[in-house]
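One letter stands for each residue in the lines below.
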Amino acid sequence: AALIAVGTYTQNLGFVDGKGKGVYLASLDLKSGALQAGPVVEHGPNATYMCTDAEKRFLYVSNELYETDSVVHTFSISDSTVNHLGTATTKGGAACHLVVDPSAKYVLVANYATGSAAVLARGQDGVLQDPPAAFVEFAHAEATGVVADRQERPHAHHISVHPTAPDQVFVVDLGSDNVRIFSFDAATGSLAAKGAFATAPGAGPRHLAVHPVLSVIYVVNELNNTVSVYAYDTSSHTATLNQTISTLPDGWAGDSWCAALRLSADNKHLYASNRGHDSIAHFTVGADGLLALAGCTPTEGKCPRDINIIGSWMLVCNQNSHEVASFAIDPASGSLSFTGNKLEIPTPAAVCALTHV
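Everything in this summary refers to the structure shown in the same document.

About the criteria used
- Residues numbered from 1 in each chain as written.
- Predicted model: local features only at pLDDT ≥ 70, side-chain atom pairs only at ≥ 80, totals over all residues.
- Heavy atoms only, no water.
- Helix = DSSP H or I, 4+ residues; strand = E, 2+ residues; numbered from the N terminus.
- Rg over C-alpha atoms; globule rule 2.2 N^0.38 Å.
- Buried < 20%, exposed > 50% of the residue type's maximum accessible area, 1.4 Å probe, protein only.
- Contact = heavy atoms within 4.5 Å.
- Areas by Shrake-Rupley, 256 points an atom, 1.4 Å probe, with all protein chains shown as cover.
- Lys, Arg positive; Asp, Glu negative; His and termini not counted.
- Charge placed at Lys NZ, Arg CZ, Asp CG, Glu CD.
- Salt bridge = Lys/Arg side-chain N within 4 Å of Asp/Glu carboxyl O.
- Phe/Tyr/Trp six-rings, centres within 6.5 Å; stacked < 30°, edge-to-face > 60°.
- Pairing = 2+ DSSP bridges.
- Axes fitted to C-alpha atoms, helices over the stretch in contact; angles between N-to-C directions.
- Core = buried A, V, L, I, M, F, W, Y, C linked by side-chain atoms within 4.5 Å.

### Looking at the overall build of the chain
Link 1 in the chain: A tally of regular secondary structure across the chain gives zero helices and 28 strands.
Link 2 in the chain: For the chain, the C-alpha radius of gyration of 19 Å lies close to 21 Å, the compact-globule estimate for 357 residues.
Link 3 in the chain: Residues counted as buried form 57% of the 357 residues belonging to the chain.
Link 4 in the chain: The contacts in the chain between residues at least 6 apart in sequence include a share of 47% that link residues at least 24 apart.
Link 5 in the chain: In the form shown here, the chain has an accessible surface area of approximately 13,300 Å², with 50% of it arising from carbon and sulfur atoms.
Link 6 in the chain: Side-chain charges in the chain split into 19 positive and 32 negative, and the spacing between the mean points of these groups amounts to 3 Å.

Next comes the structure, spelled out in structure tokens:
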């Protein structure tokens with residue numbers, strides 16, 4: 001079995017009525033997809049995103065805070081639990097996404113509410129250091145305002161490092177309808193702006209995935225329910241839009257908002273979650289990186305905020321029906337089928353594996 005962690009909302013923030021207590025540990029049976037509850041780790045409110053280092057020795061959990069600066073907690077990972085080692089500030093409101101850089105010297109964090117990015121240095125012991133090694137806040141004037149209540153200012157929703165060009169960092173800015181590009185110096189942790197590429201006005205880009213073989217970036221757009229496919233040139237920091245495709249079935253007309261985006265390990269399948277339609281859109285990836293919608297699988301719950309691929313399984317955080325559901329991934333077709341297994345967890349927001357699968 002694999003040890004997994006599920007982060008939860010713990011507060012009523014208007015857009016979500018958080019009922020969780022922190023980070024819920026569980027085990028995933030790698031033969032059946034069954035989920036079994038483990039201990040609950042309580043360290044601060046709204047433990048809504050997390051990542052591990054490549055060795056799975058440390059877990060980093062962000063607290064999504066709106067009244068004060070957010071923080072990231074460092075935990076060490078043992079066989080069946082995690083142990084708290086320290087806390088560091090992100091200098092921004094509502095930290096919502098974080099990643100360990102390939103050099104393993106830093107954790108990069110996106111702050112949603114204040115529209116900023118922070119780089120936190122990792123000590124020799126894996127613990128994140130205060131204050132951030134680098135910090136960038138985006139200008140209010142750059143927000144597009146097309147969707148008035150969501151784009152009134154910059155909102156950083158995702159940060160990641162290019163897998164084959166680790167000196168390049170992307171920040172997805174939902175409020176500014178763009179993906180910001182930075183050069184990243186792993187010696188110092190510094191970020192230097194290198195421009196941006198735009199999405200459609202009002203698209204509200206949320207997350208991205210980089211194809212590690214093709215020079216292609218996939219961006220999931222929360223507000224217009226699409227995935228955009230860009231050819232990206234690492235030498236010139238420029239992106240060219242090649243395709244935009246809906247995450248919803250033809251003819252469906254209800255309210256829905258995209259959330260998570262995951263590329264399969266073999267790079268042949270891309271998955272996006274639909275909150276409202278309450279489904280996972282499954283795209284096949286062509287040899288040229290372009291997408292075809294293979295289908296939308298119901299998530300067996302409400303508001304799938306996060307999805308993650310763990311071995312041959314997909315776990316879905318159904319935020320508003322208070323459960324994590326497991327799906328089998330067909331190794332040939334990439335299609336999803338519900339295993340019948342769910343684990344009750346209040347307002348789950350994020351899931352990740354703490355052991356190698």
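### A short note on the pattern of salt bridges
Link 1 in the chain: Taken as a whole, this structure holds ten salt bridges when the rule is applied.
Link 2 in the chain: A salt bridge links Lys19 to Asp17; the nearest nitrogen and oxygen atoms lie 3.3 Å apart.
Link 3 in the chain: If you follow the salt bridges from partner to partner, you end up with Arg150, Arg206, Glu222 and Arg275 in one network.

### Re the packing of aromatic side chains
Link 1 in the chain: For the coordinates displayed, the defined rule picks out seven aromatic pairs.
Link 2 in the chain: Measuring from ring centre to ring centre gives 5.2 Å for Phe170 and Tyr232, while their planes differ by 80 degrees; the resulting arrangement is edge-to-face. Of the two residues, Phe170 is situated in strand E13 (residues 168-173) and Tyr232 in strand E18 (residues 226-233); the sequence distance between them amounts to 62 residues. Assigned by exposure class, Phe170 and Tyr232 land together as buried.
Link 3 in the chain: Ring geometry for Phe197 against Tyr230: centres 4.7 Å apart, planes inclined by 55 degrees, an arrangement best described as tilted.

### Brief notes about the sheet that holds strand E16 (residues 205-211)
Link 1 in the chain: Spatial ordering of the open sheet is given by E16-E17-E18-E19, a layout of four strands whose pairing is antiparallel. One side of each edge strand has no neighbouring strand; the edge strands of this open sheet are E16 and strand E19 (238-246). In this sheet, neighbouring strand axes are inclined to one another by 25 degrees on average, regardless of whether the strands run parallel or antiparallel.
Link 2 in the chain: Pairing of E16 with strand E17 (residues 216-221) involves six bridges; the strand directions are antiparallel. Looking at the pairing, Ala209 lines up with Tyr218 of E17.

### Examining the nonpolar core
Link 1 in the chain: Membership of the largest hydrophobic core comes to 28 residues, with the highest contact counts inside it found for Leu25, Leu59, Tyr60, Val82, Leu98 and Leu354.
Link 2 in the chain: Excluding residues that lie within four positions of it along the chain, Leu25 makes contacts with Leu3, Ile4, Ala5, Ala37, Gly38, Pro39, Val41, Ser80, Thr81, Val82 and Leu354.
Link 3 in the chain: By size, the runner-up hydrophobic cluster in this structure holds 17 residues, among which are Tyr106, Val136, Ala156 and Val169.

### So, the pairing of strand E22 (residues 279-285)
Link 1 in the chain: Within E22, six of the seven residues are buried, leaving the element largely enclosed by the surrounding structure.
Link 2 in the chain: In this structure, strand E21 (residues 269-275) lies alongside E22, joined through six bridges in antiparallel fashion. The residue of E22 that forms the bridge with Ser273 is Ile280.
Link 3 in the chain: Hairpin connection between E21 and E22: a loop of three residues separates the two successive antiparallel strands, and Gly276 in this loop has a positive phi of roughly 125 degrees.
Link 4 in the chain: Pairing analysis gives seven bridges linking E22 to strand E23 (residues 291-298), with the strands arranged antiparallel. Within E23, the residue paired with Val285 across the bridge is Leu291.

### Description of unusual backbone geometry
Link 1 in the chain: In this structure, the amide linkage connecting Asp130 to the following residue, Pro131, adopts the cis form with an omega of -15 degrees.
Link 2 in the chain: Inspection of the secondary structure assignment puts Pro131 in the loop between strand E10 (116-121) and strand E11 (134-137).
Link 3 in the chain: The backbone of Asn46 sits at a positive phi, close to 50 degrees, despite the residue not being glycine.
Link 4 in the chain: Counting through the fold element by element, Asn46 comes out in the loop between strand E3 (35-41) and strand E4 (47-52).

### Some remarks on the pairing of strand E20 (residues 257-263)
Regular strands show a simple pattern: their side chains alternate between the two faces of the sheet.
Link 1 in the chain: Of all seven residues that make up E20, six are buried, and the element is covered over most of its length.
Link 2 in the chain: Both E20 and E21 contribute to a ladder of five bridges, which runs antiparallel. Residue pairing across strands places Leu261 opposite Ala272, the latter belonging to E21.

### Some remarks on the sheet that holds strand E14 (residues 178-185)
Link 1 in the chain: Taken together, four strands build an open sheet; the order of strands is E12-E13-E14-E15 and the sheet is antiparallel. This sheet does not close on itself; its edge strands, each paired only once, are strand E12 (156-161) and strand E15 (190-198). In this sheet, neighbouring strand axes are inclined to one another by 25 degrees on average, regardless of whether the strands run parallel or antiparallel.
Link 2 in the chain: Relative to E13, E12 runs antiparallel, the two being bridged by five bridges. Across the sheet, the residue bridging to Ile159 is Val171, located in E13.

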